[in-house]
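Overview (structure and organization)
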Amino acid sequence: MDKRKLIPVKCWTFLLAVILVSTGHVRGQGELTVIGNGKSVPSALNMEDLGAILKGETQRWNDGKKIVIALMKTNTPIGSDTCLRVYNMSGNELNKHFLALVFQGRGDAPTFFTSVRDLEEFVSNTPGAIGILDNVSDPSTRVIMVDGKKAI
Amino acid sequence: MWKLTAKTFIALVILFYIGVNSLWGQKTHIRGFIEAHTSLEDSKVSFGLGEQDLFITSEISDRLSFLGETVFAFSGTSESSFKVSIERVVLKYNFKGNHSLLLGKHHTPINYWNDSYHHGRVFFPTIERPLLFSAGIIPIHTTGLSIQGQNLGDLRFGYDFLIGNGIGSSDILDNDKHKSITAAAHIKPADGLKLGASFYYDIISKGASVHGHDVSEQIKQSLLTASVAYFGKKFEVLAEGTLATNRVNDVLRPHTTAAYLYTGIKLDEHWVPYMRIDNVHFENDEVFFDEENATAFVGGIRYEINYLAVVKLEYQFIHGEVSGDNNKVIAQVAVGF
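Given the structure is predicted, the values throughout are model-derived calculations rather than measurements.

**With respect to helix α5 (residues 116-125) of chain A**
Residues and elements named next belong to chain A. Every buried residue of α5 is accounted for by V116, L119, E120 and V123. The buried residues of α5 occupy one face: seen down the axis, they fall within an arc of 100 degrees. Facing away from the buried surface of α5 by more than 90 degrees, the exposed residues are R117, E121 and N125. Its buried side turned inward, α5 meets β1 (33-36), β3 (68-72), α3 (77-87), β4 (111-113) and β5 (129-133). The backbone nitrogen of R117 lies 3.3 Å from a side-chain oxygen of the residue at the head of α5, namely S115.

Here it is in structure tokens:
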């Protein structure tokens with residue numbers, strides 16, 4: 001076999017893989033990270049409480065501040081992962097859940113983002129905000145421990 | 001003649017700045033719901049436009065919010081052929097945790113359907129409301145003050161206690177000194193499951209105008225309702241029962257019972273075949289409701305394109321003791337935007 005021909009093929013395959021992963025087209029069931037604003041949001045939660053918060057069932061933090069939920073849009077890979085793993089819902093079911101909650105006057109919809117950085121910035125700047133993403137890019141972002149772990 | 005002085009100009013600029021900032025500072029969302037349908041009845045095909053529901057929510061402060069629901073619908077008696085009705089206007093003040101005070105015009109939290117679906121047809125599991133609505137048994141709206149709690153404790157207990165203008169009142173004035181009382185409670189022991197019960201009491205004054213009729217005697221009305229709702233991954237069940245008692249002079253106590261059972265099977269995320277059975281039964285000496293015993297069967301299939309667009313095809317059969325049998329096939333597209 002001619003090794004000179006194999007090298008460019010490997011390079012192209014590697015390059016393609018990098019592009020696909022970086023654009024989110026190929027994505028496994030990676031870990032999700034819960035982040036929270038420095039004001040009002042506790043530094044640790046258990047999974048049960050986190051579920052109640054993210055479904056809009058718990059509406060206030062212990063200090064009375066309103067809970068603001070920040071999620072990636074349900075049609076993004078991280079948003080889709082979040083729906084399945086945190087809510088046990090499809091993206092469509094999650095949108096329906098929150099539309100019904102708002103329509104009944106019993107809660108607020110999350111703020112949705114297409115960019116992880118925008119979500120991270122929003123949570124950092126919004127008192128009472130809690131959000132879910134894959135990786136934290138800004139070291140000053142506050143990561144919330146869930147059941148003692150940094151990732152869920 | 002009013003003159004624009006420098007001081008007035010500065011004051012106007014400051015007021016404008018404050019106004020613009022307060023507008024930008026609050027989160028306001030405007031949404032809408034609409035439906036269109038076609039039906040086959042008595043060998044005649046008709047096309048129809050349903051209610052257009054304008055839904056506005058606004059976060060005025062961290063604890064104060066507004067909800068408004070205004071419906072535009074066909075009206076044969078209006079010059080423009082359409083009427084505008086304010087269905088809900090609610091100011092909500094969260095005073096602690098999941099507890100809130102609500103002031104305004106509410107959908108009376110008296111049963112699951114009335115408290116969940118309101119005028120958003122895209123949420124309805126069937127094309128039309130159950131018979132107990134068209135029979136006028138449920139006081140759909142109440143203007144007043146309520147206290148509400150939700151998702152309390154492990155069973156996710158919730159309550160609504162509402163005091164308001166009673167039956168026969170307008171949106172701006174009570175027609176008598178009596179206030180209606182609604183007390184409702186529910187639990188959500190599992191995801192998708194909600195069990196609820198409620199009580200409604202009102203004294204309807206003699207002479208009050210209700211559903212186009214003048215009430216001839218004072219009536220003490222009480223309603224007891226119970227509901228089971230389960231909307232899961234595979235099955236949907238919604239059953240509600242209402243016992244209404246209209247008491248006149250403490251002598252007559254006619255009872256009315258109204259119930260329906262809805263079931264649906266989720267074949268996948270889009271397709272849901274379903275059916276609903278309704279029954280409304282009045283006692284002979286009923287003094288308030290239009291006394292027509294009726295049963296209904298509804299069978300159909302729902303295709304949920306997504307959470308904002310739903311298509312339904314449905315067969316409806318209604319048997320009324322006075323009006324006889326009615327068969328209808330109806331298809332509906334309901335959307336939210």
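**Topic: the side chain of S40(A)**
With respect to the secondary-structure elements, S40(A) resides in the loop between β1 and β2 (44-45). One polar contact links S40(A) to D63(A), side chain to side chain, over a distance of 2.7 Å.

**Quick look at the interface of chain B and chain A**
Note on interface size: it is often stated as the accessible area lost on association of the parts. With 37 residues of chain B at the contact, the number on the chain A side is 24 residues. Across the chain B to chain A interface the summed buried area is about 2,700 Å²; carbon plus sulfur atoms make up 43%. For chain B, the biggest contributors to the area lost against chain A are D62(B), F123(B) and Y307(B); these three give 23% of the whole. Of the charged contacts, one joins D62(B) and R60(A) as a salt bridge, the two residues approaching to 3.0 Å between their closest N and O atoms.

**Quick word on the pattern of salt bridges**
All names here are of chain B. Under the definition given, this model contains 20 salt bridges over all chains. Between E59 and K27 there is a salt bridge, with the nearest N and O atoms lying 3.9 Å from each other. Of this pair, E59 sits in strand β2 (residues 44-59) while K27 sits in strand β1 (residues 27-41), and the two are 32 residues apart along the sequence. A relative accessible area of 23% places E59 in the partly exposed class. Note that E128 is salt-bridged to K328, the shortest N-O span being 3.9 Å. Here the residue E128 occupies a position in the loop between α2 (112-116) and α3 (131-134), and K328 occupies one in strand β18 (residues 324-336), the gap between them amounting to 200 residues. Its relative accessible area of 31% is what places E128 among the partly exposed residues.

**A closer look at a negative patch on the surface**
A contiguous patch of negative charge, built from E283(B), D285(B), E291(B) and E321(B), is present on the exposed surface. In this structure, E291(B) sits in the loop between β15 (271-282) and β16 (294-306).

What counts and what doesn't
- Residues numbered from 1 in each chain as written.
- Chains lettered and ligands numbered in written order.
- Predicted model: local features only at pLDDT ≥ 70, side-chain atom pairs only at ≥ 80, totals over all residues.
- Heavy atoms only, no water.
- Buried < 20%, exposed > 50% of the residue type's maximum accessible area, 1.4 Å probe, protein only.
- Helix = DSSP H or I, 4+ residues; strand = E, 2+ residues; numbered from the N terminus.
- Arc of directions from axis to C-beta.
- Contact = heavy atoms within 4.5 Å.
- Polar contact = N/O pair within 3.5 Å; in protein donor to acceptor, adjacent residues only side chain to side chain.
- Buried area = accessible area lost by both parts, 1.4 Å probe.
- Salt bridge = Lys/Arg side-chain N within 4 Å of Asp/Glu carboxyl O.
- Patch = residues over 30% accessible without salt bridge, like charges linked within 9 Å, V, L, I, M, F, W, Y side chains within 5 Å.
- Areas by Shrake-Rupley, 256 points an atom, 1.4 Å probe, with all protein chains shown as cover.
- Lys, Arg positive; Asp, Glu negative; His and termini not counted.
- Charge placed at Lys NZ, Arg CZ, Asp CG, Glu CD.

That is the geometry; function is a separate question.
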